[in-house]
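So you can see what is in the structure, the chains are spelled out below.
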Amino acid sequence: MRASRAAAPELLSKGVGGTTSIPTTPPLKEPSPLTAPRNRTHTGGSDRAHAWAELLRLPALFTVPGDALAGAAAVSARPTSRTLLAIASSLCLYEAGMALNDWADRDVDAVERPHRPLPSGRIRPAAALGAACALTGAGLSLAACAGRPALTVAVPLAATVWAYDLALKNTPAGPVAMATARGLDLLLGAAATAGAGVDGVGRKVGACRERATAVADEPRVASGAATVPGAVDGIRRSLSSAADLGARTTLRSAALLGIRQALPSAVLLGAHTLAVTTVSRREAQGGSSLAPFAALAATAALTRTVIRQRSSATDRDGSRRGPGSRRLTDLADLGAAAKSRLSHPPRQTGDHISPPGRSPEPLDTHAALRLALAAAYAATTARPYLHATLNPSPPLTQRAVTAGIRATLPLQAALTARSGAKGVTVTALLTTALAPLAGRFARKVSVT
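Owing to the predicted nature of the structure, the values given are computational and were not obtained by experimental measurement.

J.: What is the right way to read the overall build of the protein from this model?
T.: Of the regular secondary structure elements, the protein holds 15 helices and 2 strands. Counted over contacts in the protein with a minimum sequence separation of 6, partners at least 24 positions apart contribute 81%.

Set out below in structure tokens:
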């Protein structure tokens with residue numbers, strides 16, 4: 001995005017995006033402005049498809065699904081059909097931001113990047129703007145299908161995308177807006193997945209309401225055989241209102257809890273996006289060592305944080321408890337252990353003694369996976385950021401931005417593994433598997 005476009009991949013960068021491929025493949029060399037076509041209006045089908053792929057930066061799409069998957073893992077839940085809807089919504093909003101970014105920058109690109117699809121005439125500006133509007137509408141519609149909690153997050157996400165591209169991109173608030181968009185995209189997956197968990201409650205409430213209404217329709221009220229229509233209608237309305245209120249309250253509470261649990265992961269992902277976007281603001285001119293150095297420091301801090309287990313306030317079952325309740329639980333556990341030792345002496349197991357009723361602790365595979373993914377994240381960005389710090393030329397700065405975008409994938413996978421929920425190993429590996437695909441497509445279409 002060139003401050004907006006490369007970073008825009010930070011998701012919905014245009015509101016959200018980033019791409020990441022664990023191997024760091026430098027972007028294709030851009031054509032010389034002297035040889036770039038400026039007013040080509042007639043293009044073949046393959047040329048036109050390639051122009052749209054450039055406009056939408058298709059390789060960056062591979063970094064989008066990991067946001068929703070990390071959000072689902074943050075609420076200790078496996079991906080559901082609503083998670084898939086959240087992913088589809090994110091993809092649409094991301095691409096809307098890409099198209100809108102080029103439309104807003106078409107005059108600047110005519111000077112700095114005349115080979116881009118709009119200034120070169122391969123795509124009309126009106127078509128790019130129309131695509132941005134259509135994709136935004138599709139993204140919001142898909143979020144609505146994922147449930148009201150998902151739509152509640154998708155609306156500010158779309159607003160952030162448009163605000164960034166049209167007003168905030170070249171202001172000091174630009175990187176913050178980009179980071180906010182990426183964090184909201186992760187929360188979108190969390191809200192959609194958490195909201196799906198109360199569907200069963202909603203159905204039960206609806207069943208109770210139908211049964212109560214059927215009872216109220218029976219021609220027997222209080223005493224006597226007379227039917228009192230007004231009383232029956234009042235009972236029906238009261239039962240219906242109570243059921244609706246209960247369902248809405250349950251749904252809202254579950255969604256809010258899911259968003260709160262996913263907030264730490266969203267902050268970490270947003271911090272990475274902030275660093276990449278800050279570097280991208282100088283990718284066309286170069287000349288700043290401070291931004292890549294700050295990004296290098298941020299990468300080190302994020303790597304250290306991700307390696308550590310998520311908040312100790314999160315129990316194995318995913319519930320959250322305050323410090324006081326944790327102390328009471330620890331005391332209760334100690335008391336139960338002491339009582340067990342008095343009644344049942346320890347057993348000899350192999351080379352060590354294990355308490356009765358408890359098997360030896362298994363190897364923490366989540367910790368090993370988290371460590372490997374965090375190392376992959378650091379390795380993807382460390383060298384390009386260091387090179388850009390030592391020599392902040394445009395080519396090295398652009399390479400650092402590309403590496404930062406690609407590093408989004410291992411970071412998403414590490415955040416997924418960090419949750420420690422059931423099934424996160426498969427989800428994290430699935431996110432990581434998108435990296436080679438992103439790298440393969442990036443050889444054909446630049447992500448910046």
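We are not done yet, so read on.
J.: Is there a simple way to explain the packing of helix α2 (residues 65-74) against helix α15 (residues 424-442) in this structure?
T.: Describing two packed helices takes the angle between their axes plus the distance from one axis to the other. Between α2 and α15, whose axes approach to 10 Å, the crossing angle comes to 170°. Our classification of the angle between α2 and α15 gives roughly antiparallel. α15 is crossed by α2, and the crossing has left-handed handedness. Contacts between α2 and α15 involve Pro65, Gly66, Leu69 and Ala73 from the former and Val424, Thr427, Thr431 and Leu434 from the latter. Tallied by class, residues from the contact of α2 with α15 come to 5 nonpolar, 3 polar and no charged.

J.: Even after reading the chapter, I still don't get the packing of helix α10 (residues 290-307) against helix α12 (residues 365-390), so can you show me in this structure?
T.: At a minimum axis separation of 9 Å, α10 and α12 run at an interaxial angle of 170°. If you check the angle between α10 and α12, you find them roughly antiparallel. Counted together, Pro292, Phe293, Ala295, Leu296, Thr299, Leu302, Thr303, Val306 and Ile307 of α10 and Arg370, Leu371, Ala374, Tyr377, Ala378, Thr381, Ala382, Tyr385, Leu386, Ala388 and Thr389 of α12 form the full contact between these two elements. Of the residues assigned to the contact of α10 with α12, the class counts are 15 nonpolar, 4 polar and 1 charged.

J.: Would you take a moment to explain the packing of aromatic side chains for this structure?
T.: Remark: the centre distance and the inter-plane angle together describe each pair of aromatic rings, the angle taken between the planes. Following the criterion strictly, the structure yields 0 aromatic pairs and no others. Positioned above the aromatic ring of Trp103 is the side chain of Arg106, whose terminal nitrogen or guanidinium carbon lies 4.5 Å from the ring centre.

J.: What am I meant to see in the pattern of salt bridges here?
T.: Note that side chains of opposite charge can pair when their charged atoms are close. Applying the stated criterion across every chain yields a total of 5 salt bridges. Glu54 is paired through a salt bridge with Arg122; the nearest N and O atoms lie 2.8 Å apart. Note that Glu54 is positioned in helix α1 (residues 45-56) and Arg122 in the loop between α4 (106-112) and α5 (125-145), a separation of 68 residues in sequence. Arg122 matches Glu54 in its accessibility class, with the two residues each being buried. The partner of Arg57 in a salt bridge is Asp102, with the nearest N and O atoms 3.2 Å apart. Residue Arg57 is found in the loop between α1 and α2, and its partner Asp102 is found in helix α3 (residues 81-104); the two are separated by 45 residues along the sequence. Each member of the pair, Arg57 as well as Asp102, is classed as buried. If you follow the salt bridges from partner to partner, you end up with Arg57, Asp102 and Arg116 in one network.

J.: In this structure, what is going on with the environment of Val153? I would like to understand it.
T.: Position of Val153 relative to the elements: it lies in helix α6 (residues 148-168). On the basis of relative accessibility, which here comes to 7%, the residue Val153 falls in the buried class. Those residues in contact with Val153 that lie beyond four places of it in its chain are Leu184, Leu187, Leu188, Ala191 and Ile259.

J.: Looking at this structure, I do not really get the confidence of the model for the protein. What am I missing?
T.: Segments scoring low in pLDDT should not have their predicted coordinates read at a detailed level. With 63% of its residues at a pLDDT of 70 or more, the protein has an overall mean of 75. Segment residues 198-209 is flagged for pLDDT under 50; beyond a separation of four residues in sequence, or across chains, it makes 11 contacts in the model. Segment residues 348-363: pLDDT under 50, and 16 contacts once partners within four positions in sequence are set aside and those in other chains are kept.

J.: Explanation requested: the nonpolar core in the structure shown.
T.: Soluble globular proteins tend to pack their nonpolar side chains together in the buried interior. Within the largest apolar cluster, 37 residues are counted, with the highest numbers of intra-cluster contacts made by Leu188, Val306 and Leu373. In this structure Leu373 touches Pro410, Ala413, Ala414, Ala417, Ala428 and Thr432, once residues within four positions along its chain are discounted.

Rules used in this analysis
Residues numbered from 1 in each chain as written. Predicted model: local features only at pLDDT ≥ 70, side-chain atom pairs only at ≥ 80, totals over all residues. Heavy atoms only, no water. Helix = DSSP H or I, 4+ residues; strand = E, 2+ residues; numbered from the N terminus. Contact = heavy atoms within 4.5 Å. Axes fitted to C-alpha atoms, helices over the stretch in contact; angles between N-to-C directions. Parallel < 35°, antiparallel > 145°, perpendicular 65-115°, else oblique. Left-handed = near helix turned anticlockwise from the far one by under 90°. Nonpolar A, V, L, I, M, F, W, Y, C, P; charged D, E, K, R; others polar. Phe/Tyr/Trp six-rings, centres within 6.5 Å; stacked < 30°, edge-to-face > 60°. Lys NZ or Arg CZ within 6 Å of the ring centre and 35° of its normal. Salt bridge = Lys/Arg side-chain N within 4 Å of Asp/Glu carboxyl O. Buried < 20%, exposed > 50% of the residue type's maximum accessible area, 1.4 Å probe, protein only. pLDDT = per-residue confidence, 0-100. Core = buried A, V, L, I, M, F, W, Y, C linked by side-chain atoms within 4.5 Å.

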